[in-house]
Structures are given as C-alpha cells and as structure tokens.
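# Reading the structure
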Amino acid sequence: QVTLAAGAELDAHQVNQYTLVLRAACPGEDEVEELFFVRVTPGHVLHCDSRFASAEGDVVRVLADVAPRTPLYAVLPQPLGGLTGFPSPSFLQFRLRNHNTPLTLTRRGLVLAPDNGFDPCKDTQTFRLEIEVTDRHGHNCSGAVKVEVQPSCRPHVTFPEPHQAVMVTEGIGPWEVVTQVHARGDNVHYAILAPVAPELFTIDEVTGEIRSTRRLEVTRAHLLIRAYNALHPEDHATATVNITVQGTDHLAPRCVPAIFVSQVPETVSPGSTLVRLRCTDSTSTDRCLHYALEGPPSSLSHFCMEGPQLKINTTLDYDSEAMAALGFQFTATIVVTVEGQPLQSTRVPVLVTVTPVNEFRPACPNGATFTVPETAAFGSVVGRVAGTDRDYPLDSLEYSLEGGSGPAQPFSIDRRTGEIRVVGSLDSQQQKNYRLVVRLTDTHNDLDLRKRQSRLCDVSVRLQPVPDPLPVCIPEVQELRITAGSPGSRQPVTRLVCHSPDSAALTYTIVGGNEDGRFRLEGNTLVYLPSDRAEPHPFVLLVEVWGGSAARRRSSVVALVVHVTPRSTPVPPSTTTQHTTLQREPLVVMQTEAVWHPPAWFVAVLTISGALLLVTLGCMARNLLCR
C-alpha cells in the first residue's frame with residue numbers, strides 16, 4: 001500500500017509526476033521489480049464534502065459518557081466528512097462562526113468534547129457548529145456539523161469467570177498465547193495488577209490475551225487481572241488466573257512439510273489429494289498419531305482429512321462472489337497429536353490459493369440491432385454491444401470489429417466498452433443496412449494467456465433516412481419591370497437570394513417561360529438579352545434552385561414575372577400629340593387541385609352491396625343461434 005507521507009505538500013506546477021521503483025520477492029523466488037507512476041494534477045477550487053456543506057450539515061451521534069476533549073468530528077480530506085481535494089489540513093484555516101456551544105474547534109479542524117464532558121443525566125442534547133474553511137490561496141467553503149449527545153446506558157464491567165486455572169506444557173516460546181480473559185462492558189481494557197512487575201507473562205490491554213515473555217519452564221504463576229472502562233476507569237472488575245507450566249516426557253511429533261502452501265486450479269475434482277503429511281514421533285514408539293483440521297467454516301467445508309492426507313471435499317468454484325470475498329484463498333491448520341493428547345501436538349499451517357480456469361466462451365447479446373440517422377456526425381454513438389462471460393471477473397471482455405473500419409464499413413468499436421461509433425459518411429440511398437461482425441474475446445480468466453476464448457457476434461445497423469433540406473429563396477415570387485435596352489446588349493434584371501440550410505452549393509436553372517431564349521442565368525443573376533420587339537411583353541419564368549448531388553437532388557422553384565417595355569424611338573416634331581395607351585396583358589396563375597367525384601351509379605351500387613352484406617350476416621347469425 002503506497003500512501004502519501006504525513007505533512008507532504010504536492011505542487012503540480014513544480015512536479016507533476018513521480019516515478020517509484022517497487023521491488024518484491026517471495027521466499028525461494030527471484031526478485032521482481034516494477035515501476036509505479038503517480039501523476040499530480042493541479043487543483044483550483046476548495047470543495048467541501050456534500051454532507052458537510054448541505055443545509056442540514058453532517059450529523060454525529062455520541063454518548064453522554066464520552067471522555068472530555070475527545071475528538072468527535074474531523075474536518076479533514078477523508079471520506080468521514082469535511083474537505084476533499086487537499087493533502088493536509090496544515091495549510092487550511094478553520095473558523096467557528098457560532099460561539100454558543102460548549103464544543104471546541106481546534107486549528108487542525110477537530111471538534112472536541114467539552115473540557116468537563118457532557119451531563120449524563122440530561123436527555124438527548126443537540127449542538128450545531130457552523131464552520132468556515134479557508135486555504136492559503138483565499139479559497140473558502142463552509143459547512144455545518146450537528147452533534148447529538150444521547151444519554152448513556154452503558155453496562156458495568158464484570159468478569160463472567162472471575163477465577164481461571166490454566167495448565168500448559170513447558171517449552172512454549174516467547175510471545176505465544178497462553179490463555180485469554182474476557183470481561184463484559186463497554187470500552188474494556190485489561191491490565192495485570194499483581195505481580196507488579198510480571199516476568200513471565202504480559203497481557204494485551206485490548207484483547208485480553210495473556211502471552212509468554214520468554215520460553216516457559218516448569219513453574220506456577222498467580223496473576224491478578226483488572227478489567228476497566230477506558231473512558232471511565234472507576235468502573236472496573238478483577239479476576240485471578242492461575243497458570244501451571246507442566247513438564248512433558250515426550251516431544252511433539254515432527255511433520256514434513258512443516259508448512260503447506262499450494263496453488264490449485266478451480267477445476268480440480270473433489271476427492272483429490274493436496275498433500276500427504278509424513279509425521280514421526282520422536283520416541284520412535286508405535287503410538288498412534290491423530291490428524292484433525294482446524295480453521296474457518298469455509299475451509300472446513302471445502303477440505304477434509306483422511307488420515308495424513310489433506311483432500312478436497314467440494315468443488316472449488318472460482319467464478320463466484322463468495323470465492324472473491326475470500327480473496328480466492330483458504331487458510332487452515334492441520335493438528336497432529338500423539339494418542340489424542342493436546343500437550344503433544346504439532347500444527348501444520350495450510351494456505352491454498354485457487355487459480356482461475358477459462359471454462360466458458362463469451363456469449364453474444366440478444367437482438368443486437370441498432371438504428372442511426374444517416375446524418376449522424378463523426379464519432380456519434382450507434383449503440384453498445386453488451387457481451388457476457390460467466391468466468392470471473394464477470395464480463396471482462398475485449399471487443400474488435402472484423403474487417404476493420406473503412407468506406408464499406410464506416411464504424412468502429414471501443415475495445416473496452418463495446419460502444420459502436422460512426423467514423424465515416426452514411427448514405428441510406430447507397431446502403432440502408434450494415435451487417436457488422438464483432439469478436440468478443442475474454443480477458444484475465446486464466447493464468448495461461450494462450451487459453452483465451454472468443455466468439456463472433458452479428459450486429460445489424462439500420463440507417464434511418466433523413467430528408468435533405470430544401471433551398472430557401474426570399475422572396476419566392478417576384479414581379480419585375482424593365483425597359484429593354486439596345487439589341488445585342490446584356491441587361492441584368494435581378495439577383496436571386498437563396499440559401500441551403502446545410503450550407504451546400506446551389507445551382508440555378510430556368511425550367512419554364514423562356515421559350516424565345518431572351519433570358520439566361522449567370523450564377524444567381526438573371527440577365528435579359530434585348531431584341532427588336534417593339535410591343536410590351538410579359539414573361540413568366542420558373543427558376544429551379546437545387547443543391548446536393550444528382551442522386552440526392554432537392555430543389556425549390558422561384559417564379560419571376562418580368563414586364564419588358566420596349567425602348568422608345570425618337571420621332572420628328574409635330575403639332576399633334578398622339579397618346580398611346582399600352583394595354584397590360586393580364587397575368588393568369590392557374591392552380592390545379594385533384595379531386596375525385598364518383599358517378600351516381602357507383603354510389604348506388606355501393607349502397608345496395610352494403611345492405612345485402614348486412615342482411616346476409618344477420619341470417620347467418622340467426623341460424624347459428626337456432627342450432
């Protein structure tokens with residue numbers, strides 16, 4: 001476990017990456033060396049924990065008998081609450097906004113119980129602290145902590161067995177457990193009262209285990225043990241323990257191997273022998289040796305002893321959450337005794353590690369069919385292929401696309417997640433459906449990487465057609481009046497203002513009303529070519545504006561009504577003025593609407609046929625009911 005050193009300050013602008021060299025070795029194996037990289041990213045904003053920064057604040061519940069100045073809450077970068085994103089509180093300032101509370105806030109963000117403790121006789125007491133946190137850059141955040149003090153109902157410390165007599169054999173080594181005492185109560189700690197300076201034994205103040213301090217010889221010892229409440233030392237109880245160290249005429253048997261460590265595949269069959277102990281009695285007599293297995297219930301259910309043989313009792317299934325909870329390891333102890341006497345026993349530790357075997361092939365998802373619009377942008381997600389694998393770790397798969405990506409297969413798949421994305425142009429008129437072949441390959445399911453299994457899955461991608469946007473012209477109908485110029489000249493009339501929503505290039509073509517070829521288009525500009533015609537003449541032109549390719553042509557039509565007035569001709573002076581009134585030719589716009597009016601005989605025949613059908617159905621229903 002690699003942790004950050006206490007008081008360390010990281011600065012990503014000075015050092016943004018650390019390279020650590022880790023070396024590890026097991027007994028009897030070569031040393032392994034690996035590199036470990038730690039990347040430091042800059043932080044900019046001071047954040048408070050969500051519960052701490054909420055309107056209600058974080059909640060802490062304590063008993064009223066808590067010791068004075070006991071830390072109740074820490075505003076620290078830890079999951080318990082407070083700040084996130086900073087390595088050390090030494091660079092933070094903590095300020096208490098409200099001072100109407102007996103609780104204390106230290107400079108390091110610790111909320112302490114009152115100096116005189118809480119009153120244990122009161123009912124539930126509630127204290128609220130509003131705290132503001134500021135870093136050295138001036139960034140700050142604030143939050144609240146609500147401390148609920150509940151009445152204490154603690155039991156008194158007592159020994160269920162105030163007198164104990166223990167007999168052990170000589171030869172017990174230093175720091176071995178001789179016995180253990182147990183007292184009831186809260187926050188129980190243990191201490192040896194007599195002898196005042198014990199030479200042979202010591203006690204663990206938390207667990208109550210009594211251990212030897214040196215190799216024991218034949219002797220007798222009388223210990224007076226005190227158990228007390230660590231928060232209230234006046235609550236205590238005592239017990240006596242008499243320890244007798246006896247001599248032995250025989251040594252414990254010797255076994256080979258003295259410790260058994262093994263790796264077995266999960267497919268090993270029940271009844272298989274893992275190890276056969278070779279144990280001998282030091283006295284070279286024919287006394288019988290007894291073998292027993294001790295350990296957790298999980299180990300005792302999977303293994304058993306048949307004489308000196310350790311055998312597998314049930315299947316070792318690696319692909320289960322229960323096995324993962326055990327760390328894929330079983331621990332046990334084989335106890336070998338001489339004629340069943342505990343004083344002459346040998347303990348052989350056992351450690352069995354279960355290794356994975358790639359038993360199952362990946363499975364394809366059901367109905368892997370996706371729909372994507374043909375206008376999907378590059379990188380758009382089409383869907384996710386959710387393959388499954390029953391080997392542990394579950395569903396650890398890699399995805400690949402057979403044939404790769406290209407014009408014929410404009411898709412790619414994420415190697416880890418199985419997401420299919422668009423990486424090329426799509427056109428539903430050229431191809432409406434794509435059949436993709438995705439290969440699922442399992443990973444990390446066997447110690448031998450060569451035993452990976454795969455499966456090919458069919459995935460269908462259907463393109464959803466999207467109509468191309470029509471060009472838009474403003475206005476769509478124009479009425480123009482011009483005076484014809486001299487014959488042979490080129491006379492601009494108007495410029496069409498059109499655009500395509502998809503910013504495609506537009507093409508303009510006259511498709512109607514230009515029978516004599518007097519008009520032509522130069523880009524989006526309409527040009528009139530004057531002639532010798534002397535009378536006024538209106539022209540109704542239809543201009544098609546289209547964009548896109550010829551295969552996906554989408555167009556709009558613009559109507560142009562152009563009134564051409566002939567160029568005036570000079571005449572000699574005359575005393576008589578002739579007034580000529582040019583009669584405007586009316587413009588007729590015709591709209592055809594398709595409507596179907598059936599003849600009268602068709603309506604009559606349809607009515608009579610419907611009546612006859614109803615009568616027939618009625619007769620058939622009557623006959624069925626009568627039967």
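If you're wondering where the values come from, they're calculated on a predicted model, not measured in any experiment.

What follows concerns the overall build of the protein chain. Each helix and strand counted, the protein chain has four helices and 43 strands in total. Within the span of the protein chain, comprising 627 residues, buried residues form 35% of the whole. Pairs at least 24 apart in sequence give 64% of the contacts found in the protein chain among residues at least 6 apart. Surface accessibility of the protein chain: about 39200 Å² in total, with carbon and sulfur atoms responsible for 53%.

We now examine the sheet that holds strand β32 (residues 419-422). The sheet built from three strands is open, its strands ordered β29-β32-β31 with antiparallel pairing. Each having just a single partner strand, β29 (381-384) and β31 (411-413) make up the two edges of the open sheet. Pairs of neighbouring strands in the sheet enclose a mean axial angle of 20 degrees, with direction left out of account. In terms of strand pairing, β31 meets β32 through three bridges, oriented antiparallel. Residue Ser412 lies in a different strand from β32, and its bridge partner there is Arg421.

Let us now look at the nonpolar core. With 28 residues, the main nonpolar core has Leu274, Phe303, Leu310, Leu316 and Ile334 as its most contacted residues. Going through the elements one at a time, β20 (260-265), β21 (273-276), β23 (289-294), β24 (303-306), β25 (309-312), β26 (329-338) and β27 (341-355) are the ones with two or more residues in this core. Take this core: its biggest share by element is five residues, from β26. Beyond its immediate stretch of four places on either side in the chain, Leu310 contacts Phe260, Ser272, Thr273, Leu274, Val275, Leu293, Phe303, Cys304, Met305, Ile334 and Val350. Counting 26 residues, the second-largest nonpolar core is a separate cluster that includes Leu46, Cys48, Tyr73 and Phe94.

When the UniProt feature table is mapped onto this chain, "transmembrane region" (unreviewed entry) is found at residues 600-621. Helix and strand shares over residues 600-621 are 100% and 0% respectively, and the end C-alpha atoms of the span are 32 Å apart.

Parameters at a glance
Residues numbered from 1 in each chain as written. Predicted model: local features only at pLDDT ≥ 70, side-chain atom pairs only at ≥ 80, totals over all residues. Heavy atoms only, no water. Helix = DSSP H or I, 4+ residues; strand = E, 2+ residues; numbered from the N terminus. Buried < 20%, exposed > 50% of the residue type's maximum accessible area, 1.4 Å probe, protein only. Contact = heavy atoms within 4.5 Å. Areas by Shrake-Rupley, 256 points an atom, 1.4 Å probe, with all protein chains shown as cover. Pairing = 2+ DSSP bridges. Axes fitted to C-alpha atoms, helices over the stretch in contact; angles between N-to-C directions. Core = buried A, V, L, I, M, F, W, Y, C linked by side-chain atoms within 4.5 Å. UniProt positions renumbered as here; feature names shortened; annotations may be inferred.

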